[in-house]
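# Topology and contacts: notes
Okay, here's what each chain looks like letter by letter:
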Amino acid sequence: MTQKRYSVSKAVIPVAGLGTRFLPATKAMPKEMLPIVDKPVIQYVVEEAAAAGLHDLLMITGRNKNALENHFDRVSELEEVLAKKGDEKKLFAVQKSSQLADIHYTRQGDPRGLGHAVLRAKSHVGENSFAVLLGDDVIDHRDPILKRMLEVHQETGDNIVLLMQVPKDQIHLYGCAVIEETNQQDVVVVTGLVEKPKTEDAPSNLAVIGRYVLRHEMFEILENTAPGAGGEIQLTDALEYAAKHPQIAGGVRGVVFSGRRYDTGDKLDFIKATLKIAIDRADIGTDLRHWLKDFAKEI
C-alpha cells in the first residue's frame, strides 16, 4: 500500500537562474545549455530522470531560456539534412533529445529562491510525490542514484534528500544535514538542516546536493515558509520544518551518495566534469589521455 501511494512519475527541474558565474558566455545563452563535450548540461539531467523512469518533467524557467525548449523540440529540417546524408549517428543524437520525456515549461516569475521555484510546480504535480533535480548538478550515468532515492521514498513515505560528504572547509557552500543512522548503510534519518552554515558551526560534513524526492504536502509548507538566507524562500528551510514536524508532510531521510557528481555551476568543476566525462569517451578518450599526459609534463 505504501509503495503504491508514494510512487513517483513526475520530476521538477528548476532552471530559472541567471548563470552570472559564467558571464559573458551566459549573457544570451542559458547556463544549462553550456556543453560538456558535445551535449548540454541540461540533457544529462533529463537523461538521468528518464533513466529512473520519470518521463513527465516540468522545467521552471525564466527569461532568455527559450533555447532549452528549442533543444528538446524536434528540428525537422536538420533531421532531413542528416537523413539525406546518411549520417545516422548524428541523426540519432539529434532525435534522442526530443524523445527522452514529455517536457513541460512554466516560468518562475520573480526570482524568490529555490523553494519558490519548486512551489511553482504545485498545479502540475497535484496530489503526487515528485522528484526535484537541480540543473547545476550532474550525476555520472555510471553511478545512478535517483532510483535508490525513489525506492526509499516508496518504502518509508518520507521526503528524501541526497547527501554527500564534502571537505569541512566547503560545507558553507551547501545545506548541511544533522543525521541519525539507520540499519541501512546508505540511509540516514535527517533530524535537522542548516543552510550554508559557517564552517565552525556545521553539524556535519554531509552536504545536501541537488536531488530530492518530496511529498506533495511539502507545497503547503513552502507556502508558509518565510524568506531565509539571501532573502529567498529556501527549500532547505521547508525541509527543516518537515524534519521537525513529520506528522505534517512526513519526515526527512537522506540517501548518502559516494559516486561521481559534478557541480557545473562552478567554473573549475565544470572544466573537471568535461575532462572526466571526455576521458572515458570511446571516440576521443584515448587521444585525450595521451594529450593530458604530455600537457602535464609541460606544466
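It should be noted that the structure appears before, not after, this text.
Here goes a summary of the coordinates provided. This structure is a prediction, so every number in the text was calculated from the model and none was measured.

## Brief notes about the pairing of strand β9 (residues 175-181)
- Both β9 and strand β10 (residues 187-195) contribute to a ladder of seven bridges, which runs antiparallel. Looking across to β10, one finds that Glu181 is bridged to Val188.
- Where β9 folds back on β10, the antiparallel hairpin that results is connected by five residues.
- Pairing analysis gives two bridges linking β9 to strand β11 (residues 206-214), with the strands arranged antiparallel. In the sheet register, Gly175 faces β11, and the bridge partner there is Val208.

## Focus: the side chain of Glu32
- By secondary structure assignment, the location of Glu32 is in the loop between β1 (8-14) and β2 (35-36).
- Using a relative accessible area of 2% as the deciding quantity, one classes Glu32 as buried.
- A polar atom in the side chain of Glu32 sits 2.9 Å from the side chain of Lys65.
- Not counting the four nearest positions on each side in its chain, Glu32 is found in contact with Val15, Pro40, Val41, Ile42, Lys65 and Leu68.

## Quick notes on the packing of aromatic side chains
- On inspection of all chains with the given rule, the structure shows three aromatic pairs.
- Considering the side-chain rings of Phe130 and Phe219, the 4.9 Å spacing of their centres and the 0 degrees angle between planes classify their relative orientation as stacked. Here Phe130 is found in strand β6 (residues 129-133), whereas its partner Phe219 is found in helix α9 (residues 218-223), with 89 residues between them in sequence.
- On the accessibility criterion, Phe130 (0% relative accessible area) is buried.
- Arranged with centres 4.9 Å apart and planes meeting at 10 degrees, the rings of Trp291 and Phe295 form a pair that is stacked. Residue Trp291 and its partner Phe295 are located together in helix α13 (residues 285-298), separated by four residues, close to a single helical turn.
- Assessed through its relative accessible area of 47%, Trp291 is described here as partly exposed.

Cut-offs used in this document
Residues numbered from 1 in each chain as written. Predicted model: local features only at pLDDT ≥ 70, side-chain atom pairs only at ≥ 80, totals over all residues. Heavy atoms only, no water. Pairing = 2+ DSSP bridges. Helix = DSSP H or I, 4+ residues; strand = E, 2+ residues; numbered from the N terminus. Buried < 20%, exposed > 50% of the residue type's maximum accessible area, 1.4 Å probe, protein only. Polar contact = N/O pair within 3.5 Å; in protein donor to acceptor, adjacent residues only side chain to side chain. Contact = heavy atoms within 4.5 Å. Phe/Tyr/Trp six-rings, centres within 6.5 Å; stacked < 30°, edge-to-face > 60°.

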